[in-house]
Amino acid sequence: MKKSEIRKAYLEKRKSLSQDEVSLLSEKIFANFINYFKPISEQKVHIFIPIEKFKEMNTQIFIDYFLDRNIKVYVPKIVDTKLISVEISSDTEFETNNWGISEPLSSEDSGVLDFDFVITPLLYCDHKGNRVGYGKGFYDEFFNNISKDSKKIGVNYFNPDDIIDDIWENDIPLDYLVTPTDVLSFLSKSE
């Protein structure tokens, strides 16, 4: 399938989920992430704030867990068509941008490039770690600029069943995918 077809199909699949299903699946993804990666104090995590109208998973459970354990949390903010990382705390104030995404009021780029984990939004991810997002390319550019040691981790309600036919040479695959039922590693397949 082409990315445009996958994008449409998985947006529809997401739309069909109830709010209770979103909450339950988010909890399962969170538990799988914690059990597999075992994040510890002082690590650095870049994590997205969900777009609720698209029924993205609830990442607040991750953020609360990280902040409670002294794990540094950074969230994306689009400034002048570029994705930057803003460090947040439990006191950070947020506003909703034009796309309906909650972002910190601050536009101060942390400058951090050596994240331990980059928890990445997506609509779909295939068996090789290729992701389909919303088509804006923000994360591919972001991945190009961060440390090669940062673990790029996609989170999704759905397991990889479809093949993406139109992978672009500048697409950067994920290292892992966390679903409600599994954690898949793509590291050995991409080496």
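Keep in mind it's a predicted model, so treat the numbers as computed, not measured.

Q: I tried to follow the environment of Ser110 on my own but got confused; where do I start?
A: Positionally, Ser110 belongs in the loop between β5 (102–104) and β6 (117–120). Each C-alpha atom of the pair Ser110 and Asp126 lies 31 Å from the other, and the pair is 16 residues apart in sequence. Among all residues touching Ser110, those that are not within four sequence positions of it are Tyr74, Ser85 and Glu87.

Q: How do you make sense of the environment of Phe33 when you look at a structure like this?
A: Relative to the helices and strands, Phe33 is located in helix α2 (residues 19–37). Since its relative accessible area comes to 0%, Phe33 is described here as buried. For the pair Phe33 and Asp182, spaced 149 residues apart in the sequence, the C-alpha separation amounts to 9.2 Å. When sequence neighbours within four positions are dropped, the list of residues in contact with Phe33 reads Lys38, Pro39, Phe62, Phe66, Phe117, Ile119, Ile153 and Val178.

Q: Please clarify how the pattern of salt bridges should be interpreted in this entry.
A: Note on pairing: side chains with opposite charge can pair once their charged atoms come close. What the rule picks out here adds up to six salt bridges. Between Asp171 and Lys3 there is a salt bridge; the shortest N-O distance is 2.4 Å. Taken together, the positions of Asp171 in the loop between β9 (151–155) and β10 (176–178) and Lys3 in helix α1 (residues 3–15) put the pair 168 residues apart, joining distant regions of the chain. Grouping residues by exposure puts Asp171 and Lys3 together as buried. Lys72 serves as the salt-bridge partner of Glu42, at 3.7 Å between the closest nitrogen and oxygen. Here Lys72 lies in strand β2 (residues 72–79) and Glu42 lies in the loop between α2 and β1 (44–47), a separation of 30 residues in the sequence.

Q: I would appreciate a short explanation of the pairing of β6 in the present structure.
A: Side chains on a regular strand alternate between the two faces of the sheet. Both faces of β6 are covered, namely the face carrying Phe117 and Ile119 and the face carrying Val118 and Thr120. Looking at chain direction, β1 and β6 are connected through three bridges and run parallel. Across the sheet, Ile47 pairs through a bridge with Ile119, a residue of β6. Pairing of β6 with β9 involves four bridges; the strand directions are parallel. Looking across to β9, one finds that Ile119 is bridged to Ile153.

Q: Explain the UniProt feature "binding site: substrate" (unreviewed entry) in the chain to me, please; I cannot follow it from the model alone.
A: Taken from the UniProt record, the annotation "binding site: substrate" (unreviewed entry) applies to Ile49 and Glu56. Lining the largest cavity, from the residues just named, are Glu56. You can see Ile49 is positioned in the loop between β1 and α3 (60–68). Assignment of secondary structure puts Glu56 in the loop between β1 and α3. Each residue touching Glu56, except ones within four places of it in the same chain, is listed here: Arg14, Val22, Phe48, Ile49, Pro50, Ile51, Pro121, Tyr134 and Tyr157. Separated by 2.7 Å, the side chain of Glu56 and the backbone nitrogen of Ile51 make a polar contact.

Q: Looking at this structure, how should I read α3?
A: Taken together, the buried positions of α3 are occupied by Ile61, Phe62, Ile63, Tyr65 and Phe66. Looking at the buried side of α3, the elements it contacts are α2, β1, β2, β3 (82–88) and β6. Looking one or two residues beyond α3, the residue adopting positive phi is Asn70, at roughly 60°.

Q: Looking at this structure, how should I read α1?
A: Its 13 residues place the ends of α1 18 Å apart at the C-alpha level, agreeing with the 18 Å of an ideal helix rising 1.5 Å per residue. Buried within α1 we find Lys3, Ile6, Tyr10 and Arg14. The arc enclosing the buried residues of α1, seen along the axis, measures out at 65°, which places them on a common side. With respect to the buried face of α1, the exposed residues turned more than 90 degrees away are Lys8 and Lys15. Next to the buried residues of α1 lie β7 (124–125) and β8 (131–132).

Q: Whenever I open this one, the side chain of Asn97 confuses me. Can you help?
A: Its place among the elements puts Asn97 in the loop between β4 (94–96) and β5. Within the structure, Asn97 has its side chain in polar contact with the side chain of Glu103 (distance 3.2 Å).

Rules used in this analysis
Residues numbered from 1 in each chain as written. Predicted model: local features only at pLDDT ≥ 70, side-chain atom pairs only at ≥ 80, totals over all residues. Heavy atoms only, no water. Helix = DSSP H or I, 4+ residues; strand = E, 2+ residues; numbered from the N terminus. Contact = heavy atoms within 4.5 Å. Buried < 20%, exposed > 50% of the residue type's maximum accessible area, 1.4 Å probe, protein only. Salt bridge = Lys/Arg side-chain N within 4 Å of Asp/Glu carboxyl O. Pairing = 2+ DSSP bridges. UniProt positions renumbered as here; feature names shortened; annotations may be inferred. 1 Å grid on protein atoms, 1.4 Å probe; cavity = no way out; pocket = protein on both sides within 12 Å on 5 of 7 lines; lining within 4 Å. Polar contact = N/O pair within 3.5 Å; in protein donor to acceptor, adjacent residues only side chain to side chain. Expected span 1.5 Å × (residues − 1). Arc of directions from axis to C-beta.

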